[in-house]
Amino acid sequence: MTNAGKQRRFPTGDLARVAVFAALIAVLGLPGTLNVFGNVVPITLQTLGVMLAGAILGSWRAALAVVVLLVLVAAGLPLLAGGRGGLAVFTAPSAGFLFGWIPGAAVTGWLVERAGRSPGLVRLLTACLVGGMGVVYLVGIPVQALVTGVPLANAAQLTLVFLPGDLIKVVLAAVVVRGVQRAYPDAVPAVHQERLRAGGR
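This one's a predicted model, so the numbers in the text were calculated from it and none came from an experiment. (Residues numbered from 1 in each chain as written. Predicted model: local features only at pLDDT ≥ 70, side-chain atom pairs only at ≥ 80, totals over all residues. Heavy atoms only, no water.)

Novice: Go over the packing of aromatic side chains with me, naming the residues and quoting the values.
Specialist: Inspection of every chain in the model, using the stated rule, returns three aromatic pairs. Aromatic pair Phe97 and Tyr137: ring centres 6.4 Å apart, planes at 80 degrees, arrangement edge-to-face. With Phe97 in helix H5 (residues 95–113) and Tyr137 in helix H6 (residues 121–148), this pair connects stretches of sequence that are 40 residues apart. Both rings, one in Phe97 and one in Phe162, keep their centres 5.9 Å apart while their planes meet at 90 degrees; by these two values the pair is edge-to-face. Here Phe97 is found in helix H5, whereas its partner Phe162 is found in the loop between helix H7 (152–159) and helix H8 (163–183), with 65 residues between them in sequence. When its relative accessible area of 9% is taken as the criterion, Phe97 is described as buried. Feature note: the residues Phe97, Tyr137 and Phe162 constitute an aromatic cluster, connected by ring pairs. (Phe/Tyr/Trp six-rings, centres within 6.5 Å; stacked < 30°, edge-to-face > 60°. Helix = DSSP H or I, 4+ residues; strand = E, 2+ residues; numbered from the N terminus. Buried < 20%, exposed > 50% of the residue type's maximum accessible area, 1.4 Å probe, protein only.)

Listed below in structure tokens is the structure:
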């Protein structure tokens, strides 16, 4: 009985999806980093992967995908943009943004889950904006201020340089997810959850 319950909670297909999205976030780091206007926190494409994970996997699976990636990074694998890895990245000014990926992915997924079987483009845009940007900033900016010793307002002002690129990522993620979910309904978190409750994989 216990084993059957575990299989329902952690089906093989879900574990594979978590691994795929952890790898996707890592791959989006290959183009490297960009530091602008003296900001010590780099601009990367990896937050796009966080948004995609949340909108397609749903809350806890997306959060788990990010956790898997960060555990591998902590183990020393250079999976962050710019080939960064190791425990030192979690004490850097960008550490808060990395930790913010976890609740950011979860909130994105949670909002999409509440959209039902056919999330519209507006709901997807809102989920990526609130989770993929708002939540990540909410965690990242205070940590950046703490690590660098600058006032919170100054850290927030430095983060303004991220806004144009992150807004483009929000739109891109929403459009991509909308297309994927139309072609593959199981990529809609609510649909996937229904199938799992019905005993599917």
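Novice: Can you tell me about the pattern of salt bridges, naming the residues and giving the values?
Specialist: Under the counting rule described, the total for this entry stands at seven salt bridges. Where Arg17 meets Asp14, a salt bridge forms, and the shortest distance between an N and an O atom there is 3.1 Å. Of this pair, Arg17 and Asp14 both sit in helix H2 (residues 12–27), three residues apart, roughly one helical turn. Across the salt bridge formed by Glu113 and Arg114, the nearest N and O atoms sit 3.2 Å from each other. A relative accessible area of 12% places Glu113 in the buried class. Ionic contacts of the salt-bridge type, sharing partners, join the residues Asp14, Arg17, Arg61, Asp186 and Arg195 into one network. (Salt bridge = Lys/Arg side-chain N within 4 Å of Asp/Glu carboxyl O.)

Novice: Before we move on, can you summarise the nonpolar core with the specific residues and values?
Specialist: Counting residues in hydrophobic clusters, the biggest one holds 45 residues, and the most contacted among them are Phe21, Val66, Leu69, Phe97, Leu98 and Trp101. Elements that contribute at least two residues to this core include exactly H2, helix H3 (46–57), helix H4 (59–74), H5, H6 and H8. Once residues lying within four places of it in the same chain are set aside, the contact partners of Leu69 are Ala22, Ile25, Ala26, Leu79 and Trp101. (Core = buried A, V, L, I, M, F, W, Y, C linked by side-chain atoms within 4.5 Å. Contact = heavy atoms within 4.5 Å.)

Novice: Could you give an account of H6, with specific residues and numbers?
Specialist: Here H6 is 28 residues long and its end C-alpha atoms lie 38 Å apart, about the 40 Å a rise of 1.5 Å per residue gives. The principal kink in H6, of about 30 degrees, is found at Tyr137. Immediately downstream of H6, the backbone of Gly149 shows phi near 80 degrees, a positive value. (Expected span 1.5 Å × (residues − 1). Bend = angle between axes of the 7 residues up to and from the residue.)

Novice: Tell me what's going on with H3, and back it up with residues and numbers.
Specialist: Compared with an ideal rise of 1.5 Å per residue, which puts twelve residues at 16 Å, H3 spans 16 Å between its outermost C-alpha atoms and is within 8% of the ideal. By the burial criterion, the buried members of H3 are Gln46, Thr47, Leu48, Gly49, Val50, Met51, Leu52, Ala53, Gly54, Ala55, Ile56 and Leu57. The inward-facing, buried residues of H3 contact H2, H4, H5, H6, H8 and helix H9 (189–197). Where H3 ends, the next residue or the one after it, Gly58, has phi of about 90 degrees, a positive value.

Novice: Break down the environment of Arg117 for me, citing the residues and quoting the values.
Specialist: Mapped onto the fold, Arg117 is located in the loop between H5 and H6. Its relative accessible area of 53% is what places Arg117 among the exposed residues. C-alpha of Arg117 to C-alpha of Gln181: the two residues are 64 residues apart in sequence and 9.5 Å apart in space. Those residues within four positions of Arg117 in sequence are excluded, and the remaining contacts are Val188, Ala190, Val191 and Glu194. Of note is the side chain of Arg117, whose polar atom sits 2.2 Å from the side chain of Glu194. (Polar contact = N/O pair within 3.5 Å; in protein donor to acceptor, adjacent residues only side chain to side chain.)

Novice: Can you explain the confidence of the model for the protein chain? Please cite residues and give values.
Specialist: When pLDDT drops low, the exact placement of atoms in the prediction is not to be read closely. For the protein chain, mean pLDDT is 90; residues scoring 70 or higher make up 90% of the total. Confidence drops under a pLDDT of 50 for residues 1–8, and excluding neighbours within four residues, the segment shows one contact in the predicted structure. (pLDDT = per-residue confidence, 0-100.)

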